[in-house]
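Single-letter residue listing:
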Amino acid sequence: MSLQGKLALVTGSGRGIGKAIALKLASQGINIIVNYFRHRESAEQTAKDVESLGVKADVIKANVGDPDKIDEMFDMIGNKFGCLDILINNAASGVGRPVADIDVKAWEWTMDINARALLLCAQRATKLMEGRGGKIVSISSLGSRFVLPNYTIVGVSKAALEALTRYLAIELAPQNICVNTVAASAVETEALKFYFKEGLAKDSRQLTPAGRMVVPEDVANVVAFLCSEEAFMIRGQTIIVDGGTSVGLFALAGK
Ligand SMILES: NC(=O)c1ccc[n+]([C@@H]2O[C@H](COP(=O)([O-])OP(=O)(O)OC[C@H]3O[C@@H](n4cnc5c(N)ncnc54)[C@H](OP(=O)(O)O)[C@@H]3O)[C@@H](O)[C@H]2O)c1
């Protein structure tokens, strides 16, 4: 089945991995709703780049950590389009701190944006997918299962995201909605510079069995596959895109 003419909402698609996903889906004929929080210019640039691929783009500002803003965003989508085919839950934020310094504010900020947003967006998106089926794909990281320095809250939020993916996949299967997650190792984006110093990027390049770091397009390619009918029987999974890093960890540690 062709994806031509379908409609996808990609949260946090003004830059980074979200932008690469928006462009990949657009290249397959999918119209894109670009969601952003703080950087309007980047979001508008993504929309222009999407349109240059011959599909339509809309831009909606919404903090996905705020339930009211999520409602406003889906009200806008419902009023304008009356439907939605694909939800990409990509937006993320987080506070990078050692465990001893984590406070309630940092915990709630991170969990609300990274994990609760999937629940609330999926609840609204499924109403717009009623009678037509759909795809929901989230973006996670290896920090959901491996311990990274100062990554505690984000890692826990990603673990919740992956667990929620499994529950949604089962509950939404009767509505013909496929739910999955893509988890990447370190990807060269602004977020990487924020959480880690250049050292991690350098180590990642050296330690990735595939011989280079993951780039946003590697993640976008897998997301696009999960949105295709070829992936119909993949449900509730977290697909790892890491160039072999996670399966090679023990071997590398022994070197
Ligand atoms: N980079 C990595 O190494 C890596 C590795 C594994 C997984 N990931 C995951 O991949 C996804 C994208 O990461 P990235 O590296 O592309 O991040 P990024 O470059 O920091 O971009 C983050 C995006 O999320 C948006 N965003 C942040 N908070 C938001 C909020 N409250 N509401 C709506 N949008 C919000 C930002 O919008 P504004 O620009 O408008 O603020 C931006 O578009 C995330 O889920 C991340 O956890 C990243």
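The structure this text deals with has already been given above.
Residues numbered from 1 in each chain as written. Predicted model: local features only at pLDDT ≥ 70, side-chain atom pairs only at ≥ 80, totals over all residues. Heavy atoms only, no water.

Caption draft 1: Structural detail: the sheet that holds strand β4 (residues 86-89). One open sheet accounts for 7 strands, arranged β3-β2-β1-β4-β5-β6-β7; its pairing is parallel. Each edge of the open sheet carries a strand with a single partner, namely β3 (57-61) and β7 (238-241). Here the average twist between neighbouring strands, direction ignored, is 20°. Direction of pairing for strand β1 (residues 7-10) relative to β4: parallel, over a ladder of 3 bridges. Across the sheet, residue L9 finds its bridge partner in β4, namely L87. Relative to the sheet, helix α1 (residues 16-27) contacts β1, β2 (31-36), β4 and β5 (134-141), its axis offset from that of β1 by approximately 175°. Lying over the sheet, helix α3 (residues 67-80) contacts β1, β2 and β3, oriented at roughly 150° with respect to β3. (Pairing = 2+ DSSP bridges. Helix = DSSP H or I, 4+ residues; strand = E, 2+ residues; numbered from the N terminus. Axes fitted to C-alpha atoms, helices over the stretch in contact; angles between N-to-C directions. Contact = heavy atoms within 4.5 Å.)

Caption draft 2: Focus on helix α2 (residues 40-51). Here α2 is 12 residues long and its end C-alpha atoms lie 16 Å apart, about the 16 Å a rise of 1.5 Å per residue gives. Turning to α2, its buried residues number three or more, namely A43, T46, A47 and V50. Seen along its axis, α2 keeps its buried residues to an arc of 100°; they face one direction. Facing away from the buried side of α2 by over 90 degrees, the exposed positions are E41 and K48. (Expected span 1.5 Å × (residues − 1). Buried < 20%, exposed > 50% of the residue type's maximum accessible area, 1.4 Å probe, protein only. Arc of directions from axis to C-beta.)

Caption draft 3: How the structure looks around the nonpolar core. I21, L25, I32, I88, V182, V219 and V223 are the most contacted members of the largest nonpolar core, which has 34 residues in total. Taken together, the elements giving at least two residues each to this core come down to β1, α1, β2, α2, β4, β5, β6 (177-184) and α8 (216-226). If we skip the residues at most four places from it in the chain, I21 touches V10, I88, N90, I139, A220 and V223. Counting residues in each nonpolar core, the second largest holds 30 residues, with L7, C121, I136 and V179 among its members. (Core = buried A, V, L, I, M, F, W, Y, C linked by side-chain atoms within 4.5 Å.)

Caption draft 4: Inspection of the site of the ligand at higher detail. In the vicinity of the ligand, 28 residues are found, and the nearest of them are R15, N63, N90, V187 and T189. The backbone of I17 places a nitrogen or oxygen atom 2.8 Å from an oxygen atom of the ligand. Here a nitrogen atom of the ligand and a backbone polar atom of A62 are 3.4 Å apart. Protein contacts shield 93% of the accessible area of the ligand, which totals 900 Å² for the unbound molecule. Residue contributions to the shell around the ligand peak at 3 residues, all from β5. A per-class count over the shell around the ligand returns 14 nonpolar, 11 polar and 3 charged. (Near = heavy atom within 4 Å. Polar contact = N/O pair within 3.5 Å; in protein donor to acceptor, adjacent residues only side chain to side chain. Areas by Shrake-Rupley, 256 points an atom, 1.4 Å probe, with all protein chains shown as cover. Nonpolar A, V, L, I, M, F, W, Y, C, P; charged D, E, K, R; others polar.)

Caption draft 5: The arrangement of the environment of V10 in detail. Among the secondary structure elements, V10 is positioned in strand β1. Separated by 157 residues in sequence, V10 and Y167 place their C-alpha atoms 21 Å apart. Ignoring sequence-local partners within four residues, the contact set of V10 consists of G18, I21, A22, L25, I32, I33, V34, N35 and I88.

Caption draft 6: Representation of the packing of α3 against helix α4 (residues 104-129) in the model. Two elements in contact, α3 and α4, have axes whose closest approach is 10 Å; the angle formed by their N-to-C orientations is 25°. Judged on the interaxial angle alone, α4 and α3 are roughly parallel. Crossing of α3 over α4 shows right-handed handedness. Only R116, A117, L120, C121, R124, A125 and L128 of α4 make contact with α3, whose side of the interface consists of P67, I70, D71, F74, D75, I77 and G78. (Parallel < 35°, antiparallel > 145°, perpendicular 65-115°, else oblique. Left-handed = near helix turned anticlockwise from the far one by under 90°.)

Caption draft 7: Looking closely at the pattern of salt bridges. Following the criterion strictly, the structure yields 12 salt bridges and no others. The partner of K80 in a salt bridge is D58, with the nearest N and O atoms 2.5 Å apart. Separated by 22 residues along the polypeptide, K80 in helix α3 and D58 in strand β3 bring together distant segments of the chain. Each of D71, D75 and R124 takes part in salt bridges that share partners, so that together they form one network. (Salt bridge = Lys/Arg side-chain N within 4 Å of Asp/Glu carboxyl O.)

Caption draft 8: Representation of α1 in the model. When the terminal C-alpha atoms of α1 are compared, their 17 Å separation across 12 residues agrees well with the 16 Å that a helix rising 1.5 Å per residue should span. Burial in α1 covers these residues: I17, G18, K19, A20, I21, A22, L25 and A26. On its buried face, α1 is in contact with β1, β2, α2, β4, β5 and α8. Of the residues one or two after α1, G29 is the one with positive phi, at around 90°.

Caption draft 9: Region of the structure containing unusual backbone geometry. We note that N150 has phi near 60°; this positive angle belongs to a residue other than glycine. In this structure, N150 sits in the loop between β5 and α5 (152-172). Judged by its relative accessible area of 36%, N150 falls in the partly exposed class. Non-glycine residue N176 carries a positive phi angle of around 60°. Within the secondary structure layout, N176 lies in the loop between α5 and β6. Owing to a relative accessible area of 37%, N176 belongs among the partly exposed residues under this scheme.

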